[in-house]
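# Topology and contacts: notes
Below, each chain spelled out in residue letters.
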Amino acid sequence: MTTRMLILGGVGWILGGWTAAAAGGPASAAAQGVYFQKHQYDRQVLPQFADLRDRLPSPIFDEQPDWVAMYWKAWELGFRNFHEPAPQSHFVSQFIDAAFNQNIFEWDTCFMSMFCNSAHPLVPGIESLDNFYARQHADGEICREINRTTGRDYAPWSNAEDRPLFTRNGWAPPDGRGAAVEYRGRDVPEPAPLLTLDGVDNPLFAWAELESLRVTGDTGRLAQVYEPLVHYYGALQKYLRQGSGLYVTDWASMDNSPRNALLARGGTAVDTSAQMALFARQLATMANLLRKSDDAARFTQDADELGTAINRLMWDRRRKFYFDLTWNEQRSPVRTVAAFWTLLSGVASAEQAEDLVAALRDPRSFSRPLRVPTLAVDEPGYDPAGGYWTGAVWAPTTMMVIRGLEAYGYRDEAHSIAINNLAVMDTVFRRTGTIWENYAPEAPAPGLPAKRDFVGWSGLGPIDWLLEFGIGLQPDALSNTLHWEMRSAQRAGCDRYRFNGHLASLVAEPMAGSPGRSSVTVSSDGAFILQLDQGDRHLEIPIHAGAQTFVF
């Protein structure tokens, strides 16, 4: 039977027989990065867009040539945000940064790594997360914001006062600033955490790692990141879990959402709770791939138990939706995009998923001209201009919704949302010449407020969604399979497409005089399985090194 507990001051997790002490773990809580194998930066040439443009994947999409132009603009902007580690930062890898301020952000970096996967290994995408693991504290905590010059935790999120867990910004500033989490049904964790509640939102590293694995097939990376992630999971369990088994937050990166004030004192959040269920499920996946069956069973049990608690306490049968809980375990009345994390995490039943999809389709809820707003349209305070988290549409939450829909078999709905976002982003791009931090839900316009030239997570749309949903290329590196969902009636494909270490060019051209039939040409430097789908037609072809053409 797997033993699991958290011991501070040098031992760490005991999980499946492994201990930090046995692996040369830290002698004190002051050590950082001890669970990650990479400890120094080996200097490399920083990628430049002009040098690499002709090596990046080159989409072909005659149906929407403006989308292709927006794709290249996204890469141009993204390349501006690649950085080398500063000398005193203790960072160990080049990285992409949102250029929002002087810090790197966990939330931002995880999502940026997802569109960088398509250009792996030409650009520093998933490797950007190395710098968070390299600055992980001995008790497992990782600050969600780290100064990119000094490598230190963002100072306001440091618990310099050595207090029990508290929020420095507050659930509803200014009244809540400095307020402590009040634990119900469990003891206050000891010793005090090294970070404030503000500093530990959104545990998404494991999701980003598995998204990378799906594209790159780099299973060797799992062995490097597994122990840092296990320790991080343990720290979040220790400090963020309420007695109910659910997880607290203060704002979960939804800065001005009307939900925030209702989480005061230690209310539990549907997104943070579902993210922890997702985290556990994905650690189980990693453990199975690493042949750690006891670990996999333990994490699966955690995910199942947490999912049961979410469904028992957070699902409202009358309103057919998931809600945050206030400190006294009453359901908050506010409907936000946070509820849809229950799809990605696998928490929702098939019937609950159907109800959530109905909300996504309902124009009185989340189906607006641009899908999916972060606040339901019928909620007080909904802002048709966006208002940041009071209605704006954000690429990271839309990505979460899309992946959640796919997990439950709603591929057409996921496609519809991705294409809707691409179309609106393109309209704004043609008017403004750039890509924005967020977008207005009711008109093709940047959100108010929104930062311009934001790539940034907004690169997900022009890069990821064009390749996966416009053109229809969906890689599964672990099975060495590329699925091509061919929806366009015009020429489509991609030159220099990269997945699982392969470099391939694929193009489908409609055949004159043969409606519904295409000539498909594939050139590859290695073998893989190509699965073609078009309507009710399916074809599986083994691709070999070299070039081949066939009719579909």
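Residues numbered from 1 in each chain as written. Predicted model: local features only at pLDDT ≥ 70, side-chain atom pairs only at ≥ 80, totals over all residues. Heavy atoms only, no water.

### So, the pairing of strand β16 (residues 528-534)
Note the cut-off: The buried label applies to any residue whose accessible area, calculated with a 1.4 Å probe on protein chains only, is under 20% of its type's maximum; exposed applies above 50%, and partly exposed to all values in between. For the purposes of this entry, the term helix denotes a DSSP run of H or I that reaches at least four residues, the term strand denotes a run of E that reaches at least two, and both are numbered from the N terminus. A pair of strands is treated as paired once DSSP finds two or more bridges between them.
Among the seven residues of β16, five are classified as buried, and the element is accordingly described as predominantly covered. Pairing of strand β12 (residues 481-485) with β16 involves five bridges; the strand directions are parallel. Residue pairing in the sheet places Thr 481 in a bridge with Ile 529 of β16. In this structure, β16 lies alongside strand β17 (residues 537-543), joined through seven bridges in antiparallel fashion.

### So, the sheet that holds strand β18 (residues 546-551)
Which entries qualify depends on this criterion: Angles run from 0 to 180 degrees between N-to-C directions of axes, and those axes are lines fitted to C-alpha atoms, restricted for helices to the stretch in contact.
Pairing within the open sheet is antiparallel, and its five strands lie in the order β4-β13-β14-β15-β18. Where the open sheet ends on each side, the last strands, each with one partner, are β4 (58-61) and β18. Put simply, the sheet's adjacent strands are angled 15 degrees from each other on average, direction ignored. In this sheet, strand β14 (residues 502-510) lies alongside strand β13 (residues 492-499) in antiparallel orientation, the contact comprising six bridges. Bridged to Cys 494 within β14 is Leu 506.

### Remarks on the sheet that holds β17
Our working definition: When checking whether two residues touch, look at their non-hydrogen atoms; a contact exists if any pair is within 4.5 Å.
What the four strands build is an open sheet, ordered β11-β12-β16-β17; its pairing is mixed. Of all the strands in the sheet, the pair left with one neighbour each is β11 (473-476) and β17. Mean inter-strand twist for the sheet, computed between neighbouring axes without regard to direction, equals 20 degrees. On the sheet, helix α13 (residues 461-471) packs against β11 and β12 and is oriented at approximately 105 degrees with respect to β11.

### Observations regarding the pattern of salt bridges
In plain terms, the rule: Only one rule defines a salt bridge in this text: a Lys or Arg side-chain nitrogen within 4 Å of an Asp or Glu carboxyl oxygen.
Tallied over the entire structure, the rule returns 33 salt bridges. Among the ionic pairs, Glu 468 bridges to Arg 214, the shortest N-O distance being 2.8 Å. Residue Glu 468 is located in helix α13, and its partner Arg 214 is located in helix α5 (residues 205-216); the two are separated by 254 residues in the primary sequence. Since its relative accessible area comes to 5%, Glu 468 is described here as buried. The partner of Arg 371 in a salt bridge is Glu 413, and the shortest N-O contact between them spans 2.6 Å. Of this pair, Arg 371 sits in the loop between α10 (350-361) and α11 (395-407) while Glu 413 sits in helix α12 (residues 411-432), placing them 42 residues apart in sequence. A relative accessible area of 8% places Arg 371 in the buried class. Judged by relative accessible area, which is 11%, Glu 413 ranks as buried.

### Re the pairing of β14
Connecting the antiparallel pair β13 and β14 is a turn made up of two residues, with Asn 500 showing a positive phi of about 50 degrees. Here β14 runs beside strand β15 (residues 518-524); their pairing, made up of seven bridges, is antiparallel. Counterpart to Ser 505 in the pairing with β15 is Ser 523.

### Quick word on the packing of α11 against α12
Formally: Working rule for angles: under 35 degrees goes down as roughly parallel, over 145 as roughly antiparallel, 65 to 115 as roughly perpendicular, anything else as oblique. Should the near helix be turned anticlockwise from the far one by less than a right angle, the crossing is termed left-handed; should it be turned clockwise, right-handed. Basically, the charged four are Asp, Glu, Lys and Arg, the nonpolar ten are Ala, Val, Leu, Ile, Met, Phe, Trp, Tyr, Cys and Pro, and anything else, Gly included, counts as polar.
Relative orientation of the contacting elements α11 and α12 amounts to 160 degrees, with a least axis distance of 7 Å. Between α11 and α12, the interaxial angle falls into the category roughly antiparallel. The chirality of how α11 crosses α12 is left-handed. Contacts from Thr 398, Val 401, Ile 402, Leu 405 and Glu 406 of α11 reach α12 at Arg 411, Glu 413, Ala 414, Ile 417, Ala 418 and Asn 421. In terms of residue class, the contact of α11 with α12 is built from six nonpolar, two polar and three charged.

### Overview of the packing of helix α3 (residues 106-116) against α11
For any two helices packed against each other, the geometry is given by the interaxial angle and the distance between the axes. Contact geometry for α3 and α11: axes closest at 10 Å, N-to-C directions at 60 degrees. The angle between α3 and α11 falls in the class oblique. Of the two elements, α3 crosses α11, and the hand of that crossing is left-handed. Side by side, α3 and α11 meet where Trp 107, Phe 111 and Met 114 of the first sit next to Pro 396, Thr 397 and Met 399 of the second. Split by residue class, the contact of α3 with α11 holds five nonpolar, one polar and no charged.

### A few points about the side chain of Thr 167
Here is the rule we go by: N or O atoms within 3.5 Å of each other form a polar contact, as long as, within protein, one can give a hydrogen and the other can take it, and as long as residues adjacent in sequence are counted only when both atoms are side-chain atoms.
Assignment of secondary structure puts Thr 167 in the loop between β8 (145-147) and α5. Among the polar contacts listed, one links the side chain of Thr 167 to the backbone nitrogen of Gly 170, at a separation of 2.9 Å. Aside from chain neighbours lying at most four places away, what touches Thr 167 is Gly 176, Arg 177, Gly 178, Ala 179, Leu 197, Asp 198 and Asp 250.

### Focus: the packing of aromatic side chains
As a reminder of what qualifies: We call Phe, Tyr and Trp rings a pair once their centres come within 6.5 Å, taking the six-membered ring for Trp, and we label the pair stacked below 30 degrees between planes, edge-to-face above 60, and tilted otherwise. The rule for a charge over a ring is simple: NZ of Lys or CZ of Arg within 6 Å of the ring centre, and within 35 degrees of the ring normal.
Applying the stated criterion to the full structure yields 31 aromatic pairs. Their ring planes at 50 degrees and their centres at 5.5 Å tell us that Phe 132 and Phe 205 sit as a pair that is tilted. One end of the pair, Phe 132, is in helix α4 (residues 130-134); the other, Phe 205, is in helix α5, with 73 residues separating them in the sequence. According to the relative accessible area criterion, Phe 205 is buried, its value standing at 0%. Here Tyr 133 and Phe 205 contribute two aromatic rings whose centre-to-centre distance is 5.4 Å and whose plane-to-plane angle is 65 degrees, an arrangement assigned as edge-to-face. Remark: Phe 205 occurs in helix α5 and Tyr 133 occurs in helix α4; sequence separation between them is 72 residues. For the pair formed by Tyr 133 and Phe 205, the shared burial category is buried. One aromatic cluster in this structure is built from Trp 107, Phe 111, Trp 207, Trp 341, Tyr 388, Trp 389, Trp 394, Phe 454 and Trp 457. We note Lys 238 situated over the ring of Tyr 239; from NZ or CZ to the ring centre the distance is 5.7 Å.

Just geometry here; none of it tells us what the structure is for.
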